[in-house]
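Descriptive analysis of the structure
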Amino acid sequence: MIHRRSAKELDLMRAACHTVGEILARLRELVRPGISTAELDRYAEEWTIESGATPAFKGYAVGRNVYPATLCVSINEEVVHGMPSPKRILAEGDIVGLDFGVVREGYYGDSAITMPVGCTSEEADDLIRVTRESLERGIERLQVGNRIRDVSEAIQTHAESHGYGVVRDFVGHGIGQRLHEEPQVPNYVGRGQNPRLKEGMVLAIEPMVCAGTYEVEVLDDGWTAVTRDRRLSAHFEHSVAVTANGPEVLTLA
Ligand code: MF3
Ligand code: CO
């Protein structure tokens, strides 16, 4: 079932999503060579609790696998779900994805950014830019009367026009009273369900774009997804409401 949120529910989602946007903006300021991914996670958790919200990812279970942290920090060839560790230190030239969610008063917000650490290669900067643009192209299509596949197509077309690969194994999702709700929002055109977009739906749009192959594998830690060819990957995500006036990006700072 695809939920449609009432005006009151949308207000609650705005509050949760705004917390996500604010904290992500503050985390971005901490990114520099020498900081550990565990340190970023510690701030994310501290600021979440301070704000009166609860981390959305910590304790999230996929089968028997329980995610242990507040933040996902994915470096270079890591696509998503990188687990924070005191041993992972950001270095000049890395690109780093920060993926973060909270729940506040029963409603979830979810957003991600990818950014350079210090000075990065032209290839890395281009991948980040095109991935951000792919998210924007997808969001533009979140209009009442369009379908999910219109969003998928816009994202895929933009990323592939730059020669990049779009990840198939992870997709965007509905979001609301759970982190992951129906419908799935693929970043490529496939043969799945293709529901029509209606006022009040809230979707987390999250293209994962790779410099080379779109194929990923999950490391032995059970979480970290990396590109099979170990080339770079970038990820951006916003939680967005479909309204009569067009898309409303909820996870802004
Ligand atoms: N933004 C990611 C997602 O939408 C974060 C999930 S991490 C998890 O799937 F631990 F919560 F699974
Ligand atoms: Co998400």
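Numbers given to residues run from 1 along each chain, matching the order in which its sequence is written. Naming scheme: in the order in which they are written, chains are lettered from A and ligands are numbered from 1. pLDDT decides what is reported in this predicted model: residues at 70 or higher carry local features, side-chain atom pairs at 80 or more are listed and counted, and totals for whole chains, interfaces and linings draw on all residues regardless. Side-chain calculation: all heavy atoms of the structure are included, whereas hydrogens and water are not.

Before going further, it helps to spend a moment on the coordination of the cobalt ion (ligand 2). Ligation of the cobalt ion (ligand 2) by protein atoms is provided by Asp110 (OD), His173 (NE2), Glu206 (OE) and Glu237 (OE), these donors lying 2.1 to 2.3 Å from the ion. Each metal's donors comprise the N, O and S atoms found within 2.8 Å of it (within 3.2 Å for Na, K or Ca). Water is not part of the atom list, so some coordination spheres may appear incomplete. Sequence spacing of the donor residues for the cobalt ion (ligand 2), all on one chain, is D-x62-H-x32-E-x30-E. Within this pair, whereas Asp110 is found in strand β7 (residues 107–116), its partner Glu237 is found in the loop between β15 (233–235) and β16 (238–243), the two being separated by 127 residues in sequence. Both residues of the pair, Asp110 and Glu237, count as buried. The secondary structure listing takes helices from DSSP runs of H or I that are at least 4 residues long and strands from runs of E that are at least 2 residues long, numbered from the N terminus. Only protein chains enter the area calculation, which uses a 1.4 Å probe; residues under 20% of their type maximum are buried, those over 50% are exposed, and those in between are partly exposed.

The cutoff for a nearby residue is simple: one of its non-hydrogen atoms must lie within 4 Å of the molecule or strand. Taken together, 13 residues lie around ligand 1, and Asp99, Asp110, His173, His180 and Glu206 are the ones closest in. In the model, an oxygen atom of ligand 1 is placed 2.9 Å from a nitrogen or oxygen of the His173 side chain. Contact distances for ligand 1 include 2.8 Å between an oxygen atom and a side-chain N or O atom of His180. For ligand 1, whose accessible area on its own is 330 Å², the fraction buried by protein is 95%. Side-chain classes are defined by residue name, with Ala, Val, Leu, Ile, Met, Phe, Trp, Tyr, Cys and Pro counting as nonpolar, Asp, Glu, Lys and Arg as charged, and the others, Gly among them, as polar. Taken together, the residues of the shell around ligand 1 break down into six nonpolar, three polar and four charged. Any pair of nitrogen or oxygen atoms within 3.5 Å is treated as a polar contact; in protein, a donor-acceptor pairing is required on top of that, and neighbouring residues in sequence qualify only through side-chain atoms on both sides. Accessible areas in this description were obtained via Shrake-Rupley with a 1.4 Å probe; residue shielding takes into account the shown protein chains only.

Attention shifts here to the nonpolar core. Judged by nonpolar contacts, the single largest core of 47 residues is most densely connected at Val96, Leu98 and Ile205. Considering each element in turn, this core owes the most residues, six residues, to helix α3 (residues 122–140). Among all residues touching Ile205, those that are not within four sequence positions of it are Leu135, Leu142, Val151, Ile155, Val185, Phe236, Glu237, His238 and Val240. Residues enter a nonpolar core if they are buried and are Ala, Val, Leu, Ile, Met, Phe, Trp, Tyr or Cys, with the set joined through side-chain atoms within 4.5 Å. Among the nonpolar cores identified, the runner-up in size contains 18 residues, and Met13, Val202, Trp223 and Leu250 belong to it. Here a residue-residue contact requires only that any non-hydrogen atoms of the pair lie within 4.5 Å.

In this analysis, strands are considered paired if DSSP registers two or more bridges between them. Where β16 lies against strand β17 (residues 246–249), four bridges are found, and the strand directions are antiparallel. By the bridge assignment for β17, Val242 is matched with Pro247.

In this section: the packing of aromatic side chains. By convention, a stacked pair of Phe, Tyr or Trp rings (six-membered ring in the case of Trp) has centres within 6.5 Å and planes under 30 degrees apart, an edge-to-face pair has planes over 60 apart, and any other such pair is tilted. Counted under the stated rule, the structure contains two aromatic pairs. Ring centres of Tyr43 and Trp47 lie 5.2 Å apart, and the angle between their planes is 45 degrees; on these two criteria the pair is classed as tilted. Of this pair, Tyr43 and Trp47 are both found in helix α2 (residues 37–50), four residues apart, which corresponds to roughly one turn of the helix. According to the relative accessible area criterion, Trp47 is buried, its value standing at 10%. Aromatic side chains Tyr67 and Trp223 sit 5.0 Å apart centroid to centroid with 80 degrees between the ring planes, which places their arrangement in the edge-to-face category. Taken together, the residues Tyr67 in the loop between β3 (65–66) and β4 (71–75) and Trp223 in the loop between β13 (216–218) and β14 (225–227) connect sequence positions 156 residues apart.

The element β16 is largely enclosed, with a buried count of six among its six residues. Alternating residues of β16 divide into His238, Val240 and Val242 and Ser239, Ala241 and Thr243, and every residue in both groups is buried. Alignment of strand β11 (residues 202–205) against β16, held across four bridges, turns out to be antiparallel. Bridging across to β16, Leu203 finds its partner in Val240. Hairpin connection between β16 and β17: a loop of two residues separates the two successive antiparallel strands.

Strand order in the open sheet formed by three strands is β5-β14-β13, and the pairing between neighbours is antiparallel. Strands with a single pairing partner mark the edges of an open sheet, and in this sheet they are β5 (78–80) and β13. Neighbour to neighbour, the strand axes of the sheet diverge by 40 degrees on average, direction disregarded. In this analysis an axis means a line fitted to C-alpha atoms, helices contributing only their contacting stretch, and an angle means the value between N-to-C directions, from 0 to 180 degrees.

Turning our attention to the pattern of salt bridges. Here a salt bridge means any side-chain nitrogen of Lys or Arg lying within 4 Å of a carboxyl oxygen belonging to Asp or Glu. Taken as a whole, this structure holds eleven salt bridges when the rule is applied. Close ionic contact of Glu123 with Arg231 constitutes a salt bridge, the shortest N to O distance being 3.1 Å. Of this pair, Glu123 sits in helix α3 while Arg231 sits in the loop between β14 and β15, placing them 108 residues apart in sequence. Residue Glu123 is classed as partly exposed on the basis of its relative accessible area, which comes to 39%. Relative accessible area serves as the criterion here: at 39%, Arg231 is assigned to the partly exposed category. Between Asp126 and Arg129 there is a salt bridge; the shortest N-O distance is 2.5 Å. One end of the pair, Asp126, and the other, Arg129, are both in helix α3, three residues apart, so they sit about a helical turn from each other. Taken together, the shared-partner salt bridges in this structure form one network comprising Arg5, Glu9 and Glu181.

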